[in-house]
Amino acid sequence: MELPVVLGVLAGLVALGLITLHFLLVLFTPPRIPTHPSEREYTTLTSSSPLALPRLTDPHSLGLSIVVPAYNEVERLQLMLDEAMEYLLDPPSPSPASEGGQPASQGIRWARKVLEEGSEVLLVDDGSSDGTAEKARELAEMWEDRVEKAGRKVEIRVVRLVKNRGKGGAVQHGVCHSRGRLILFADADGASRFADLDLLLESMDRTVDNEGQGMVVGSRAHLVSSEAVVKRSKLRNLLMHGFHLFLRTLGVGGIRDTQCGFKLFTRPTALLLFPPLHLPRWSFDVELLLLASLISPAIPVSEIPIAWHEVNGSKIRLGWDSIGMARDLLVLRGNLALGRWKVPKREVGAVKLNGNGNGVGKLVHQEAEK
């Protein structure tokens, strides 16, 4: 066979391969899910009427928002919500030096000021079929008297998605309708110790840059040799190590635990990262971290060890979800490489900051549509 013919065949095969890869990329790219009008509303108590949710582009009106994605969590929700409300209504007080304790750090003092500005728990029912939203409203009623007696500005809001979107889609929806100067998302299973939010808040005071950008992620990496992890199945631990190796291959190697459901953002950072988020299921954490690293200059990210324990009732299906996460990460990298998905830019006109660099800068609102 003559050389020109061979080269022509090879060029055709390469072209066919590229076309096939592009077709698969488009095929596996998750579609945007339109927002139902009822999903732009929230309720608080079982008897309350729906009210309009705010937008992330609005100025903050609270110190802290806690977004809790929940799918069929009737059995596990109360433990997590009770622990969160106990913390918000009566956060641990740092011991003053006059009582023999260590003086409160600047970060802890700043964290307490954030909580004094008020807080909310925004529970996003991700299309549950077991009455999760109703259970959340019942718990809100149970806490109503305690909140009033404590004299603190704390509110539980419940949003119900019409159809299941996945954990990433539920977190994205909640964050995009939050009121806090800082925004935390926390899993509904209560596996993380909620009081460790102090550690994240203290770290955020050191992490945030002079434009008010910052992200702090809770981490279980220090527990890799602990009894809780060792007792897991060999398959689960094998998949965990394989996932971390795959992440390093894709360029996400700076954070040891990408999947911990305990992450804190400043409002400006949330406004950069969450509206353009594309992956609606388990891989969304990786997309957040990758975008944070690709933004120029990069968003400062800190990783903080937290207490964690295994909780029964996980929704993760090891086999299928592991395959799905690998596929989603390839789709993420492919879409970014081809420019089909854009990396956000800090200089977007919707965000301006006015702050002194010692804490989270004040977000100055300019109207923008979600």
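Look up: the structure comes first, before these words.
Basis of the calculations
Residues numbered from 1 in each chain as written. Predicted model: local features only at pLDDT ≥ 70, side-chain atom pairs only at ≥ 80, totals over all residues. Heavy atoms only, no water. 1 Å grid on protein atoms, 1.4 Å probe; cavity = no way out; pocket = protein on both sides within 12 Å on 5 of 7 lines; lining within 4 Å. Points joined across faces, edges and corners; volume = space filled by probe spheres on them. Nonpolar A, V, L, I, M, F, W, Y, C, P; charged D, E, K, R; others polar. Helix = DSSP H or I, 4+ residues; strand = E, 2+ residues; numbered from the N terminus. Contact = heavy atoms within 4.5 Å. Polar contact = N/O pair within 3.5 Å; in protein donor to acceptor, adjacent residues only side chain to side chain. Pairing = 2+ DSSP bridges. Axes fitted to C-alpha atoms, helices over the stretch in contact; angles between N-to-C directions. Buried < 20%, exposed > 50% of the residue type's maximum accessible area, 1.4 Å probe, protein only. Salt bridge = Lys/Arg side-chain N within 4 Å of Asp/Glu carboxyl O. Phe/Tyr/Trp six-rings, centres within 6.5 Å; stacked < 30°, edge-to-face > 60°.

Participant: Just to check I follow, could you spell out the layout of surface pockets for this structure?
Facilitator: When its volume is computed, the second largest pocket comes out at roughly 300 Å³. In terms of lining residues, the second largest pocket is bounded by 18 residues, among which Arg32, Ile33, Arg165, Gln172 and Leu277 are the most central. The class makeup of the residues in the lining of the second largest pocket is nine nonpolar, six polar and three charged.

Participant: What exactly am I supposed to notice about empty space enclosed by the protein here?
Facilitator: In this approach, a probe sized like a water molecule rolls over the atoms, and the result shows the empty space that is left. Following the criterion strictly, the structure yields one cavity of 30 Å³ or more and no others. What lines the largest cavity is Pro276, His278, Glu287, Leu291, Leu336, Trp341 and Lys342.

Participant: Could you clarify how one ought to interpret the environment of leucine 200 in this entry?
Facilitator: In this structure, leucine 200 sits in helix α6 (residues 197-207). For the pair formed by leucine 200 and glycine 218, sequence separation is 18 residues and the distance between their alpha carbons is 7.1 Å. The residues touching leucine 200, leaving out its near neighbours within four places in the chain, are Leu184, Val216, Gly218, Phe262, Leu264, Ile304 and Ile306.

Participant: Would you mind going over the side chain of threonine 207 with me for this structure?
Facilitator: When you line up the elements, threonine 207 lands in helix α6. At 2.8 Å, the side chain of threonine 207 forms a polar contact with the backbone oxygen of serine 203. For threonine 207, the residues in contact, after removing those within four places along its chain, are Gln213, Met215, Val216, Pro300, Val301 and Ser302.

Participant: Even after reading the chapter, I still don't get the side chain of serine 203, so can you show me in this structure?
Facilitator: Take serine 203: it is sitting in helix α6. When near neighbours in sequence (up to four residues on either side) are disregarded, serine 203 contacts Val216, Ser302 and Ile304.

Participant: Is there a simple way to think about the sheet that holds strand β4 (residues 119-125) in this case?
Facilitator: Paired through backbone hydrogen bonds, the strands of a sheet run either parallel or antiparallel to each other. Reading across the sheet, the seven strands line up as β5-β4-β3-β6-β8-β7-β9 and stay open at both edges, with mixed pairing between neighbours. Two strands lie at the open edges of the sheet, namely β5 (154-160) and β9 (301-305), each paired on one side alone. Averaged over all neighbouring strand pairs, the angle between strand axes comes to 20 degrees, with direction disregarded. Note: β4 against β5, seven bridges, orientation parallel. The partner of leucine 122 across the bridge, within β5, is arginine 157.

Participant: For this particular structure, what's the right way to read the environment of histidine 60?
Facilitator: If you trace the backbone, histidine 60 turns up in the loop between β2 (51-52) and β3 (62-70). Of the residues examined, histidine 60 reaches a relative accessible area of 23% and is grouped as partly exposed.

Participant: How should I be thinking about the pattern of salt bridges in this particular structure?
Facilitator: Between side chains of opposite charge, a pair can form as their charged atoms come close. As enumerated under the stated definition, the model contains 17 salt bridges in all. Between glutamate 73 and arginine 76 there is a salt bridge whose closest N-O contact spans 2.8 Å. By the burial criterion, glutamate 73 is buried, and arginine 76 matches it. Across the pair arginine 181 and glutamate 117 runs a salt bridge, and its minimum N-O distance is 2.4 Å. Separated by 64 residues along the polypeptide, arginine 181 in strand β6 (residues 180-186) and glutamate 117 in the loop between α3 (106-116) and β4 bring together distant segments of the chain. In this structure glutamate 117 comes out as partly exposed when scored by relative accessible area, which is 30%. Here the salt bridges do not stand alone but share partners, grouping Glu120, Glu155, Arg157 and Arg179 into one network.

Participant: What's the story with the packing of aromatic side chains in this structure? I'm lost.
Facilitator: Any two aromatic rings considered together are summarised by their centre-to-centre distance and by the angle between their planes. Per the stated rule, a full pass over the model turns up five aromatic pairs. Seen from their ring centres, phenylalanine 194 and phenylalanine 262 are 5.9 Å apart, and the 80 degrees between their planes marks the pair as edge-to-face. Taken as a pair, phenylalanine 194 in the loop between β6 and α6 and phenylalanine 262 in strand β8 (residues 262-266) lie far apart in primary sequence, 68 residues in all. Each member of the pair, phenylalanine 194 as well as phenylalanine 262, is classed as buried. Ring plane angle 80 degrees and centroid distance 5.1 Å describe the contact between phenylalanine 265 and phenylalanine 274, whose orientation is recorded as edge-to-face. By relative accessible area, phenylalanine 265 is classed as buried at 0%. Taken together, the aromatic side chains of Phe185, Phe265, Phe274 and Phe284 make up a single cluster linked through ring pairs.

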